[in-house]
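Spelled out, the chains give:
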Amino acid sequence: MSSPIKLTNRQQQVLWATVRHYIATAEPVGSEALLKDYNLSVSSATIRNSMGVLEKVGLLYQPHISAGRVPSDSGYRIYVDKLLTPSSDFALQIEQLLSDRLTREDGSLEAMLRGAANILATVSGYIALITMPQTYTARLHHIQLVLVDPNRVMLIFVTDSYETQSALLDLATGEDNTAAEVELLERELQILSNFLNSHLRGKAIAELTQMDWTELDREFQRYGDFLKNILTELTRRSKSPTPTQLMMSGLSEVLRQPEFSEVHQIQTIVHLLEDEQDQIIPLIFEPSPFDQFGKRVSVRIGSENTLEPIRFCTLISSTYCKGTTPVGSVGMLGPTRMVYENAIALVEATADYISEAIS
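The following paragraphs examine the structure supplied in this document. (Residues numbered from 1 in each chain as written. Predicted model: local features only at pLDDT ≥ 70, side-chain atom pairs only at ≥ 80, totals over all residues. Heavy atoms only, no water.)

## Quick look at the environment of His 142
Looking at where His 142 falls in the secondary structure, it is placed in strand β4 (residues 140-149). The exposure class of His 142 is partly exposed, given its relative accessible area of 28%. Note: C-alpha distance between His 142 and Asn 197 (55 residues apart in sequence) is 6.2 Å. Residues in contact with His 142, not counting those within four places in the same chain, are Ile 156, Phe 157, Val 158, Asn 197 and Arg 201. One polar contact links His 142 to Gln 144, side chain to side chain, over a distance of 3.2 Å. (Helix = DSSP H or I, 4+ residues; strand = E, 2+ residues; numbered from the N terminus. Buried < 20%, exposed > 50% of the residue type's maximum accessible area, 1.4 Å probe, protein only. Contact = heavy atoms within 4.5 Å. Polar contact = N/O pair within 3.5 Å; in protein donor to acceptor, adjacent residues only side chain to side chain.)

What follows is the structure in structure tokens.
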């Protein structure tokens, strides 16, 4: 394992200025440009010497022999970890923008998340990726049992994020039920629905495997076996959640970046985002430890990404929470030549806004 790179204050200043200049211009950076545009208080020769050291340790490189230097993935990593502070002013601006333009009054979580993705992409110029809440962390909001025929019942349950799922269950009641018996059965199912709602509303679906169902059996003895079937179905759904939907916006914005000028690169990214979302969602949703700024944020730069189509990109993500439980995520995908101060603040502020909105 290689030892961490130690830089002098001067070398850190030169790395910071080089990254900033390259982000702004997309052109290889020379010492004269840094001398002109940044107050480094040293000569051009001193800057060249520092850039030479930074290249030697792998933080900068020359794309062409006669060109200036460009940050490597390792150079961006040190810049992100050591040399920048996310823009708090920018975070306040995006929070205000989200608050002004988004609403949950229509009860549609999906519409709010789509709106947030559109705003994030428009403001940043990168691809915004926001997942719907994970089913297995959701809580039960409502359960309804509906008679389909005398021997089958449809179980419908709604989570606190307003996601609806259903399943057909067998009900052993015998055949040739009269109209009066069917009507009685429907009333009993309504009573059973009310019974289940009173006992289970607000519980996390994943909690159901830990509950003692014998008490419910005793309270509703006649439907004991049927209750077990219902609860088995609910817990099965909690272990095998439906695929998470991914809200995506900003592909047209990111196409303006020079790094995305090659058709092949765009095709592989589009294929990943549209046809292989099951590969990228785990990367976005993976909860991250708090960073040095006290924020729960993940920044994967270039070759740090495990998926080949985005190994020339940076993926920034942060989870949003229902209470204290991470249930979904906000991501941003763009070139490694990214305005990290603003991008990190944007992702974090959007995740914070969604957490407040759904809690």
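## Some remarks on the packing of helix α6 (residues 109-124) against helix α13 (residues 340-358)
Between α6 and α13, the least distance of the axes is 11 Å, while the angle of their chain directions is 165 degrees. Looking at the two axes, α6 sits roughly antiparallel to α13. The way α6 lies across α13 gives a crossing that is right-handed. In this structure, α6 contributes Leu 109, Met 112, Leu 113, Ala 116, Leu 120, Val 123 and Ser 124 to the contact, and α13 contributes Leu 346, Val 347, Thr 350, Tyr 353, Ile 354, Ala 357 and Ile 358. (Axes fitted to C-alpha atoms, helices over the stretch in contact; angles between N-to-C directions. Parallel < 35°, antiparallel > 145°, perpendicular 65-115°, else oblique. Left-handed = near helix turned anticlockwise from the far one by under 90°.)

## What to know about the sheet that holds strand β9 (residues 313-322)
Taken together, the five strands give an open sheet; going across it, the order is β7-β3-β10-β9-β8, and neighbouring strands pair in antiparallel fashion. Since the sheet does not close on itself, it has two edges, and those belong to β7 (246-249) and β8 (298-301), each with one partner. With direction set aside, neighbouring strand axes in the sheet form an average angle of 15 degrees. As paired elements, β8 and β9 share four bridges and run antiparallel to each other. Looking at the pairing, Val 299 lines up with Ile 316 of β9. Where α13 meets the sheet, its contacts fall on β3 (127-131), β8, β9 and β10 (325-335), and the angle it forms with β9 comes to roughly 20 degrees. (Pairing = 2+ DSSP bridges.)

## Re the side chain of Ser 317
Structurally, Ser 317 can be placed in strand β9. Residues within four places of Ser 317 in sequence aside, it is in contact with Leu 283, Ile 284, Arg 296, Val 297, Ser 298, Arg 300, Val 330, Gly 331 and Val 347.

## Description of the layout of surface pockets
Empty space within the largest pocket amounts to approximately 290 Å³. Every residue lining the largest pocket is counted, 17 residues in all, and those nearest its centre are Tyr 22, Tyr 61, Val 70, Glu 259 and Thr 336. Secondary structure elements with two or more residues in the lining of the largest pocket: β2 (70-71) and α4 (73-83). Here the lining of the largest pocket is composed, by residue class, of eight nonpolar, five polar and four charged. Of the voids in this model, the second largest pocket is the one considered here, and its volume is about 230 Å³. Around the second largest pocket, the lining residues are Pro 4, Ile 5, Leu 7, Gln 12, Leu 59, Ser 74, Arg 77, Ile 78, Asp 81 and Lys 82. (1 Å grid on protein atoms, 1.4 Å probe; cavity = no way out; pocket = protein on both sides within 12 Å on 5 of 7 lines; lining within 4 Å. Points joined across faces, edges and corners; volume = space filled by probe spheres on them. Nonpolar A, V, L, I, M, F, W, Y, C, P; charged D, E, K, R; others polar.)

## Focus: the pairing of strand β5 (residues 152-159)
Strand direction decides the pairing type here: β4 and β5, joined by eight bridges, are antiparallel. For Leu 145, the partnering residue across the bridge sits in β5 and is Leu 155. Between β4 and the antiparallel strand that follows it, β5, lie two residues. Sheet analysis places β5 next to strand β6 (residues 164-170), joined by seven bridges and oriented antiparallel. Within the sheet, the bridge partner assigned to Arg 152 lies in β6 and is Asp 170.

## Focus on the sheet that holds β5
Sheet architecture is open: three strands sit in the order β4-β5-β6, paired in antiparallel fashion. At either end of the open sheet lies a strand with only one pairing partner, and these are β4 and β6. Between one strand axis and the next, the sheet turns through 20 degrees on average, direction left out of account. Contacting β4 and β5, helix α7 (residues 179-200) runs over the sheet at an angle of about 165 degrees to β4.

## A few points about unusual backbone geometry
A positive phi is found at Ala 26, a non-glycine position, where the angle reads about 60 degrees. Note on placement: Ala 26 falls in the loop between α1 (9-25) and α2 (31-37). You can call Ala 26 partly exposed: its relative accessible area is 25%. The phi dihedral of Ser 41 falls on the positive side, at around 55 degrees, and the residue is not glycine. Residue placement: Ser 41 occurs in the loop between α2 and α3 (44-56).

## Focus: the side chain of Glu 348
Structurally, Glu 348 is set in helix α13. Of the residues examined, Glu 348 reaches a relative accessible area of 8% and is grouped as buried. In terms of polar contacts, Glu 348 uses its side chain to reach the side chain of Ser 318, at 3.3 Å.

## Considering the pattern of salt bridges
Per the stated rule, a full pass over the model turns up nine salt bridges. The closest approach of N and O atoms between Glu 110 and Arg 114, which form a salt bridge, is 3.3 Å. Here Glu 110 pairs with Arg 114, and both are found in helix α6, just four residues apart, close to one helical turn. Here Glu 259 ties to Arg 337 by a salt bridge, and the two come within 2.7 Å at their closest N and O atoms. Here Glu 259 is found in the loop between α10 (251-254) and α11 (263-275), whereas its partner Arg 337 is found in the loop between β10 and α13, with 78 residues between them in sequence. (Salt bridge = Lys/Arg side-chain N within 4 Å of Asp/Glu carboxyl O.)

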